[in-house]
Amino acid sequence: MAAVAVTMVRRLLRSGPRPGLCGAGGREPGAAPRRAIGHGRVAVELDSSAGVAVMKMENLPVNSLSLDFLTEFLISLEKLENDRGCRGVILTSGAPKIFSAGLDIMEMYRKSTEHYAEFWKTVQEMWLRLYQSNMVTIAAINGSSPAGGCLMAMCCDYRIMAENPKYSIGLNETQLGIVAPFWFKDTMVNTIGNRATERSLELGLLYSPPEAHKIGLVDQLVPEEKIQSTAAAVMSQWLAIPDHARQITKSMMRKPTVDRLLAHRESDIQNFVSFITKDAIQKSLHMYMEMLKQRRG
Ligand SMILES: CCC/C=C/C(=O)SCCNC(=O)CCNC(=O)[C@H](O)C(C)(C)COP(=O)([O-])OP(=O)([O-])OC[C@H]1O[C@@H](n2cnc3c(N)ncnc32)[C@H](O)[C@@H]1OP(=O)([O-])[O-]
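Right, let's walk through the structure included here. All values reported here derive from a predicted model rather than from experimental measurement.

### As for the overall build of the protein chain
What the protein chain contains, in helices and strands, is 11 helices and nine strands. With 297 residues in all, the protein chain has 42% of them scored as buried. Residue pairs in contact within the protein chain that sit at least 24 positions apart in sequence constitute 74% of those at least 6 positions apart.

Encoded structure:
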């Protein structure tokens, strides 16, 4: 049974998203029922017989987490969460070499306070939904994953990263002159422990795949071409556990962290707005964007 599920998920991953495929329409004879339920920047394909969806981020060029992208992401995630036929999600990227470049810097630069508040509330929502998902969530990290991209990966139950030495992952906020909020920090502490988080955050470290694996930031490294098939195989192992037992255990582990944000959600938004509107912070973001431009030449 598990082997069949792996094959189905593999086929789904190989085929990639197909625009216009809806319901059982477009099925090859004998193929598993597949549904494309994402749209625009988030391509989602659900293999109903395996109970597994692949969510492919496609906000090109770098999957930056803009307000529009996050909104689409949340809608797609909620659809899957409400679909009784979906038990697991593989989160991956359709952008070459990048899993996600993190929060869209342009959403934090020279905007109104109302915009910053709306943006931050949406970032919080993404974290709350993904971190608490009832589904098994596996990140197939097929590219670099700084800051918010690393946060998304850490929200998942299991992380598989491509062994490409050009890729890196970490919470590098301090390098931009900004500060990761307490719930980014808590998520990292829950993943790699207090001491490694303290060092990572203060220095804004971006880790190579072997370094990330060594500190437990990712669970497994695989050659790039094997990342999707490995994600499918790992998914079938996790789905072998009864959902209710796994879900209650996950909630027991994560609830205290989630409750901290829920208790301080409004003040966290206010903190973000007053922080990001400071002249010195706006200047830092400007300088960082200039640095990115210069690096491109
Ligand atoms: C308190 C808040 C907490 C904050 C959390 C965060 O997540 S903070 C976020 C921390 N994130 C980071 O520190 C990551 C910063 N980014 C990078 O390090 C690299 O871009 C890369 C490694 C992701 C890709 O390298 P590469 O050589 O393949 O690509 P490239 O460099 O040539 O960029 C292509 C285009 O994308 C643009 N763009 C890129 N990132 C962002 C962004 N986040 N946003 C918006 N735009 C972004 C870039 O300007 C360029 O635009 P253009 O000029 O063509 O219109």
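### Details of the packing of helix α5 (residues 182-192) against helix α6 (residues 194-203)
Between α5 and α6, the shortest axis-to-axis distance is 7 Å and the interhelical angle comes to 135°. In terms of axis orientation, α5 runs oblique to α6. Note on packing geometry: the crossing formed by α5 with α6 is right-handed. Within the contact between the two elements, α5 uses K185, M188, V189 and I192 and α6 uses N194, A196, T197, S200 and L201. When grouped by side-chain class, the residues that make up the contact of α5 with α6 number five nonpolar, three polar and one charged.

### Overview of the site of the ligand
Inspection of the region around the ligand gives 24 residues, with A101, G102, L103, A147 and G148 positioned closest. Residues of the shell around the ligand, tallied by class, amount to 15 nonpolar, five polar and four charged.

### Examining the pairing of strand β2 (residues 42-47)
Judged by how many residues are buried, β2 sits mostly within the fold: six of six residues are covered. Here strand β1 (residues 34-36) pairs with β2 via three bridges, running antiparallel. Across the sheet, residue R35 finds its bridge partner in β2, namely L46. Strand direction decides the pairing type here: β2 and strand β3 (residues 52-57), joined by six bridges, are antiparallel. Within β3, the position partnered with A43 by the bridge is K56.

### Thoughts on the sheet that holds strand β4 (residues 88-93)
The strand order β1-β2-β3-β4-β5-β7-β9 describes an open sheet built from seven strands, whose pairing is mixed. The sheet terminates laterally at β1 and β9 (220-222), the two strands that pair on one side only. Neighbour to neighbour, the strand axes of the sheet diverge by 20° on average, direction disregarded. Where strand β7 (residues 158-162) and β9 come together, three bridges link them in parallel fashion.

Reading the values: rules and limits
Residues numbered from 1 in each chain as written. Predicted model: local features only at pLDDT ≥ 70, side-chain atom pairs only at ≥ 80, totals over all residues. Helix = DSSP H or I, 4+ residues; strand = E, 2+ residues; numbered from the N terminus. Buried ≥ 20, exposed ≤ 12 C-beta atoms within 10 Å, placed from the backbone. Contact = placed C-beta atoms within 7 Å. Axes fitted to C-alpha atoms, helices over the stretch in contact; angles between N-to-C directions. Parallel < 35°, antiparallel > 145°, perpendicular 65-115°, else oblique. Left-handed = near helix turned anticlockwise from the far one by under 90°. Nonpolar A, V, L, I, M, F, W, Y, C, P; charged D, E, K, R; others polar. Near = placed C-beta within 6 Å. Pairing = 2+ DSSP bridges.

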